[in-house]
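Fold and contact review
Here's the letter readout for the chains.
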Amino acid sequence: MDFSRYWSARQKQVDAAMNRLLPSAKTRPKTIHEAMRYSIFAGGKRLRPVICLAATEVLGGKIEAALPLACAVECIHTYSLIHDDLPSMDNDDFRRGKPTSHKVYGEGIAVLAGDALLTVAFEMVAGAKASKRYPTAALVHELAYASGSQALVAGQVADLEGEGKKLKLSDLQYIHLNKTAALITSSIRLGAMSANATPKQLAGLTEFGRSLGLAFQVIDDILDCTQTTEKLGKSAGKDIAAQKATYPALLGLDKAKKEADRLTARARAALKPFGKAAAPLAAIADYLLAREN
Ligand code: GRG
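Reading the values: rules and limits
Residues numbered from 1 in each chain as written. Predicted model: local features only at pLDDT ≥ 70, side-chain atom pairs only at ≥ 80, totals over all residues. Heavy atoms only, no water. Helix = DSSP H or I, 4+ residues; strand = E, 2+ residues; numbered from the N terminus. Expected span 1.5 Å × (residues − 1). Buried < 20%, exposed > 50% of the residue type's maximum accessible area, 1.4 Å probe, protein only. Phe/Tyr/Trp six-rings, centres within 6.5 Å; stacked < 30°, edge-to-face > 60°. Salt bridge = Lys/Arg side-chain N within 4 Å of Asp/Glu carboxyl O. Axes fitted to C-alpha atoms, helices over the stretch in contact; angles between N-to-C directions. Parallel < 35°, antiparallel > 145°, perpendicular 65-115°, else oblique. Left-handed = near helix turned anticlockwise from the far one by under 90°. Contact = heavy atoms within 4.5 Å. 1 Å grid on protein atoms, 1.4 Å probe; cavity = no way out; pocket = protein on both sides within 12 Å on 5 of 7 lines; lining within 4 Å. Points joined across faces, edges and corners; volume = space filled by probe spheres on them. Nonpolar A, V, L, I, M, F, W, Y, C, P; charged D, E, K, R; others polar.

Thoughts on helix H4 (residues 63-84)
Given 3.6 residues per helical turn, the α-helix brings residues three or four places apart onto the same face. Here H4 contains 22 residues, and its C-alpha end-to-end distance of 30 Å stays within 8% of the 32 Å for a straight helix at 1.5 Å per residue. For H4, the buried fraction is high: 21 of the 22 residues fall into the buried class.

What about the packing of aromatic side chains?
According to the stated counting rule, one finds five aromatic pairs in the structure shown. Considering the side-chain rings of tyrosine 38 and tyrosine 105, the 5.7 Å spacing of their centres and the 75° angle between planes classify their relative orientation as edge-to-face. Of this pair, tyrosine 38 sits in helix H2 (residues 30-40) while tyrosine 105 sits in helix H5 (residues 101-105), placing them 67 residues apart in sequence. Chaining the aromatic ring pairs together yields one cluster made of Phe3, Tyr6, Trp7 and Tyr287.

Focus: the pattern of salt bridges
Counted under the stated rule, the structure contains 13 salt bridges. For glutamate 74, the salt bridge is made with arginine 46, and the minimal N-O distance between the two is 2.9 Å. With a gap of 28 residues between them, glutamate 74 in helix H4 and arginine 46 in the loop between H2 and helix H3 (47-58) connect regions that are remote in the sequence. Using a relative accessible area of 4% as the deciding quantity, one classes arginine 46 as buried. A cluster of three or more residues bridged by salt bridges with shared partners is formed by Asp15, Arg46, Glu74 and Arg96.

Looking at the environment of leucine 143
With respect to the helices and strands, leucine 143 occurs in helix H7 (residues 136-147). As for leucine 143 and alanine 121, which are separated by 22 residues in sequence, their C-alpha atoms are 8.9 Å apart.

Brief notes about the packing of H4 against H7
It is the contact of H4 with H7, at a shortest axis distance of 11 Å, that shows an interaxial angle of 20°. Here H7 runs roughly parallel to H4, going by the angle between their axes. In this structure, H4 meets H7 at a crossing whose hand is right-handed. Where H4 approaches H7, its residues Leu69, Ala72, Val73 and Ile76 are matched on the opposing element by Leu139, Leu143 and Ser147.

Some thoughts on the layout of surface pockets
Approximately 280 Å³ is the volume attributed to the second largest pocket. Lining the second largest pocket are 15 residues; nearest its centre among them are Tyr145, Ala146, Ala151, Ala182 and Thr185. If you list the elements that add at least two residues to the lining of the second largest pocket, you get H7, helix H9 (169-194) and helix H10 (199-226). Top contributing element to the lining of the second largest pocket by residue count: H9, with seven residues. Within the lining of the second largest pocket, the residues separate by chemical class into six nonpolar, six polar and three charged.

Here it is as structure tokens:
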């Protein structure tokens, strides 16, 4: 398959749906809608929505039906980045190659833009077409759990509380599983649920998502200490500066790379039962392993 054509076609579909589903920048109060759109359209990779759509495709589901779910996960992800960049959290001036939300709109509006993206995500899920096995409530529950205090927020809390402490590998895994892998896994699960996955299919794709999500974060840790700010579109070298526990810090760069290889192979193995239909998901796993930003 021509992977870069596949990826950019899906990105375009996501962007068009997002433009449709978000309130226009002229909607009153204009500032908040401009701020929401500023971060959403700042140039993110769209990993989570693309894997949501790819998971639907594996099971023969319709892209159209999954698009609101794909947009919802991207809204949650973008909200988490806006809040993570705030001075009270990671305090970053630069994201997706642009000044962060609070640098452009001020802290108050940045907090609210994050809040509004978090809530509009659930409007999107509520408006999505449900499937036979998964009614709207199941879709809402899926995303709420993945974004909440036992997953995404849990990971962020553990990350904040771990700063300056000597963490064990198991603590780091807990942070990564919750801060990163939970939403990635949920993106895949939502795509599968939209395609009416059987429990067995959902379990297989969940296993793929957890391994892919962990691999993604190990690679992110490696890129933070091997790439430039220009290449990443966000501040490089922050983990070292903050003396953060990361895979390269705990294992060394070589072992961290091997861990990323191992997790990617485990993710690919979980796709076996899905045969050729899983080619896009397998290609995404390979692309993430080789990425440079
Ligand atoms: C504020 C509740 C709350 C959570 C914040 C997302 C997050 C949790 C922190 C941001 C810092 C970080 C290293 C998160 C891990 C996930 C990650 C690598 C995010 C970046 O994802 P990409 O590379 O970003 O997909 P783009 O911009 O391409 O969408």
